[in-house]
Structures are given as structure tokens and as C-alpha cells.
Amino acid sequence: MLTHPDAVDDDHLLLAARNMTALFAADDHYCDEGVEGVRLALSASKLAGTLTALESCSPMPDCPSVEDFVGGDPVTHALRETAGHLARLGTPTQVGRLRHETIATFLAMAAENSWRIAGHVPDPAEYLAHRKYNGAMACLALIDVVGGYELSARDWEDPGVRSLSLAASLMIMLVNDLYSVAKESADVGSHSLPTVLSARHGWCLEQSMDATGELHDRLMRAYLRMEPEVARGASPELGRYLAGLRHWMRGNLEWHTLTGRHNHREGRPTPRTGPQGPTHDRLEGDVQSWPAAGLCPHCGDRHEAATAVA
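Please read all numbers here as calculations on a predicted model, not as lab measurements. (Residues numbered from 1 in each chain as written. Predicted model: local features only at pLDDT ≥ 70, side-chain atom pairs only at ≥ 80, totals over all residues. Heavy atoms only, no water.)

How do you make sense of the overall build of the protein chain when you look at a structure like this?
Of the regular secondary structure elements, the protein chain holds 14 helices and two strands. In the protein chain, which comprises 310 residues, the proportion classed as buried is 48%. In the protein chain, the share of contacts with a sequence separation of at least 24, taken over all contacts with a separation of at least 6, comes to 74%. By element, 56% of the accessible surface of the protein chain is carried by carbon and sulfur atoms, the whole surface being about 14,700 Å². (Helix = DSSP H or I, 4+ residues; strand = E, 2+ residues; numbered from the N terminus. Buried < 20%, exposed > 50% of the residue type's maximum accessible area, 1.4 Å probe, protein only. Contact = heavy atoms within 4.5 Å. Areas by Shrake-Rupley, 256 points an atom, 1.4 Å probe, with all protein chains shown as cover.)

Please explain the nonpolar core as it appears in this structure.
A general feature of soluble globular proteins is that nonpolar side chains tend to end up buried together. Core analysis: the largest hydrophobic core is formed by 62 residues, its most contacted members being Leu-47, Leu-140, Leu-193, Tyr-223, Tyr-241 and Leu-245. With 10 residues, helix H10 (residues 159-179) is the largest single contributor of residues to this core. Judged by nonpolar contacts, the second largest core, of seven residues, contains Val-175, Leu-178, Tyr-179 and Leu-205. (Core = buried A, V, L, I, M, F, W, Y, C linked by side-chain atoms within 4.5 Å.)

Would you mind showing me how to read the pattern of salt bridges here?
Side chains carrying opposite charge are able to pair once their charged atoms draw close together. Evaluated as defined, the whole model comprises 12 salt bridges. Taking the shortest distance from any N to any O, the salt bridge between Arg-18 and Glu-81 comes out at 3.9 Å. With Arg-18 in helix H1 (residues 10-31) and Glu-81 in helix H4 (residues 74-89), this pair connects stretches of sequence that are 63 residues apart. For Arg-18, a relative accessible area of 28% translates into the label partly exposed. With relative accessibility at 35%, the residue Glu-81 sits in the partly exposed group. In this structure, the salt-bridge partner of Arg-162 is Glu-101, at a minimum N-O distance of 3.0 Å. Of the two residues, Arg-162 is situated in helix H10 and Glu-101 in helix H5 (residues 92-118); the sequence distance between them amounts to 61 residues. Of the two residues examined, Arg-162 and Glu-101, each falls in the buried class. (Salt bridge = Lys/Arg side-chain N within 4 Å of Asp/Glu carboxyl O.)

Explanation requested: helix H14 (residues 236-258) in the structure shown.
Count 3.6 residues to each turn of an α-helix, and residues three or four apart come out pointing the same way. Taking 1.5 Å per residue, 23 residues should reach 33 Å; H14 reaches 33 Å between its end C-alpha atoms and fits that length. Turning to H14, its buried residues number three or more, namely Leu-238, Tyr-241, Leu-242, Gly-244, Leu-245, Trp-248, Met-249, Gly-251, Asn-252, Leu-253 and His-256. (Expected span 1.5 Å × (residues − 1).)

Would you mind showing me how to read the environment of Thr-102 here?
Note on placement: Thr-102 falls in helix H5. Classification of Thr-102 as buried rests on a relative accessible area of 2%. Each C-alpha atom, one on Thr-102 and one on Asn-19, is 9.7 Å from the other, the two residues being 83 residues apart in sequence. The residues contacting Thr-102, other than those within four sequence positions of it, are Leu-23, Leu-54 and Ala-138.

Please clarify how the packing of helix H13 (residues 205-231) against H14 should be interpreted in this entry.
Two quantities define a packed helix pair, namely the angle between the helix axes and the distance between the axes. Following both chains from N to C, one finds H13 and H14 inclined at 165°, their axes separated by 11 Å at the closest point. With respect to their mutual orientation, H13 and H14 come out roughly antiparallel. In terms of crossing hand, the pair formed by H13 and H14 is left-handed. Along its contact with H13, which presents Met-220, Tyr-223, Leu-224, Glu-227, Val-230 and Ala-231, the element H14 presents Leu-238, Leu-242, Leu-245, Arg-246 and Met-249. Of the residues contributing to the contact of H13 with H14, the split by class is nine nonpolar, no polar and two charged. (Axes fitted to C-alpha atoms, helices over the stretch in contact; angles between N-to-C directions. Parallel < 35°, antiparallel > 145°, perpendicular 65-115°, else oblique. Left-handed = near helix turned anticlockwise from the far one by under 90°. Nonpolar A, V, L, I, M, F, W, Y, C, P; charged D, E, K, R; others polar.)

So, to be careful, I would describe these as geometric facts and stop short of saying anything about function.
Take a look at the structure:
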């Protein structure tokens, strides 16, 4: 409800809830070694096995056991229910859009699992290249469906709209990184931007959280500069979609300040929260240990600030 205040009715809102539940289930039951029965070495295979479940078309009679597999696994069953629900409320184009973004999400999840299996700690640049695809885009793809309209394929794929969607997705995931630090730090091999920044620069976790918050805020400033250009002359549907991106970012932030999934984990920091959301004031004693002037505080390389978050 926080992310879709313009939902048509309960049935449309249930579609969004089903989709998010299925994504959380895939992450928890295929990728989280803290869940009983998870075998990380098989996570990529498990994620690839969901592809059939994402199809809303009538299955061909290749092997009845394939459908038994899809229906028998809780995660694939949840994804199949989401696909069927979307096919009932949306258009074939919208079904295909969600399928595409979910596959991209699962590819990014498989990549993260490969880091854990190999004991590889990614550089911040490598991490950020994956992070914008790792969850939120598969939710943003339903903004128009839940609102009861269809954003045209031309608008969805417009370079300016795509830039805003990916920036919104990354900011949503950075908020998740800030609030999941406690959970990820306790789970050996898991990564968030604060943990990879600490590994790269030797910073304390609080300082890495501050840098993550500053990246989020720099992205938001760039987003607010770009949004009016994209919105100029926009169709009514695109205008609603852009408003939907804002709803999603703010609703996501509100949820993270309330949920027990990530918030107030014992022995680990939680972002300080003010009236407008989390605050990211730098710790005065840490400022001197940041990279030298001209170096990106995220990847450590020297480049223009405007490209530092690409």
C-alpha cells in the first residue's frame, strides 16, 4: 500500500504483494544459507528452474513432470501464481515486461551467489553494476498494471525513462543495503555496499553507511534534475508512471524504517532516522580517512563525479 497508493483495488494490490512475496521467497529459499535446506551451489540451477514458472502461456505436452516440478516447489508455485494473476489483469506486453525484469533480477542474484561460493569480495564498482537489477526493477515493472493503465513499450524503453527507472531501482536497493547491514553482516559471504566499501577502504561500518547514504542522495539530486526533462510533453500514462516511481521510492523508505526484517538488529548499526527518513551525517572523526580529493569514495578510482555512479 505504501508503494502503490494509486492501486485500482485490492485485487490489483494483491498482484504487487504476490510478486514481492515470490521475489523474497526466491532470495530466502534459494540463496540464503541461513534457511534450512538451502544449497548455495545449486542456487543458479534453482533460479534458472523458475523460468518455466514465469510463462503464462499454455504448456506444450513435452513432459508432465515439468509442470509437477513447477507446482511442487513453493517458490516456482508463487511465481506461477504471480504470472497467472498478471495475465488476468494486464496485457501480454506487461506480462513479458515482468518476465524480462524478473529474469534480470535472478541473473543478478546468481552472480551474487557466485561471489559467495568463490569467496570473492567484489569491488564497489562491480557491486554497483549488479545492484540496480537485483530486485526493484521486477517490482517497478508492475506500477502501471497495479494502477490500472498501460505504459507503452515506447515509453518504457525510452532512454530517459529507462535512466530514471534504473536510478530509482538503485536508490531503492541502496536503502535496502543501509537497513540490511545488520542482516548481511551476520550472514557470512553476503554483501551490501557498506560491507564492500569497508573491504575496499578499510573503513568502519558506520563510515561506509555514511558513504552509501551520500551516494543515494547524490543520485536523488541527479534524478530530480533529470525528471522534468523526461516529463516534458509526457503522455498521461508516462506522467502517472513517473509519479509511481516517486511513490515506490518513498514507500520503500517508509517500509524499511518499520520492518523487523532488517531494522534494529542486535549488535549492528541501524541508520539514524529523522522526520524525512534516514540521516547520513558523516562521523567527524572519520572524515580524514576518506580517499584523497579527486578519487571516487566508492570505487577508489579517479574520474568525474558525474560518472562515479554509472
